[in-house]
Amino acid sequence: SLNGINGIENNCYRMGGDEFIVLFPSMKGVNLPVLYDNLQKNIDRTNARIPNLDISTAYGFCDNSSHPEWKSSDVYREADAMMYQHKIAMKGTAR
């Protein structure tokens, strides 16, 4: 569940299907590894509580502070590419 994860509430939007995007106007104070760890813990608890449920997650992120000239579509494209790299690492295949 995305509910109750500090930093995600009010910033998370469904893109379609099983894809969500979390937008941060500023990365100041945002610790992405902690956010992902909290999300993974919630998923693990849910999987343990509900037999035969096998929720998994792949993520990608992009901070445009090193590329201030990027448009939001560039940032999205980079984060999406990173997500698919993560999927490949997890499963060995993607798309």
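These numbers come from a predicted model, not from an experiment.

On the surface, a nonpolar cluster with roughly 200 Å² of combined accessible area is contributed by Ile50, Leu53 and Ile55. The topology assignment puts Leu53 in the loop between helix H1 (32–49) and helix H2 (72–91).

In this section: the layout of surface pockets. Size it by volume and the largest pocket reaches roughly 1,400 Å³. Surrounding the largest pocket, 43 residues form its lining, Phe20, Ile21, Val22, Tyr59 and Gly60 being those nearest its centre. Elements that contribute at least two residues to the lining of the largest pocket include exactly strand S1 (12–16), strand S2 (19–22), H1 and H2. Taken together, the residues that form the lining of the largest pocket break down as 28 nonpolar, eight polar and seven charged.

With that settled, the discussion passes to the side chain of His86. Position of His86 among the secondary structure elements: in helix H2. By relative accessible area, His86 is classed as buried at 19%. Polar side-chain contacts of His86 include one of 3.0 Å to the backbone nitrogen of Tyr59. Residue contacts for His86: discarding those within four places in its chain leaves Tyr36, Thr57, Ala58 and Tyr59.

The rules behind these values
- Residues numbered from 1 in each chain as written.
- Predicted model: local features only at pLDDT ≥ 70, side-chain atom pairs only at ≥ 80, totals over all residues.
- Heavy atoms only, no water.
- Patch = residues over 30% accessible without salt bridge, like charges linked within 9 Å, V, L, I, M, F, W, Y side chains within 5 Å.
- Areas by Shrake-Rupley, 256 points an atom, 1.4 Å probe, with all protein chains shown as cover.
- Salt bridge = Lys/Arg side-chain N within 4 Å of Asp/Glu carboxyl O.
- Helix = DSSP H or I, 4+ residues; strand = E, 2+ residues; numbered from the N terminus.
- 1 Å grid on protein atoms, 1.4 Å probe; cavity = no way out; pocket = protein on both sides within 12 Å on 5 of 7 lines; lining within 4 Å.
- Points joined across faces, edges and corners; volume = space filled by probe spheres on them.
- Nonpolar A, V, L, I, M, F, W, Y, C, P; charged D, E, K, R; others polar.
- Buried < 20%, exposed > 50% of the residue type's maximum accessible area, 1.4 Å probe, protein only.
- Polar contact = N/O pair within 3.5 Å; in protein donor to acceptor, adjacent residues only side chain to side chain.
- Contact = heavy atoms within 4.5 Å.

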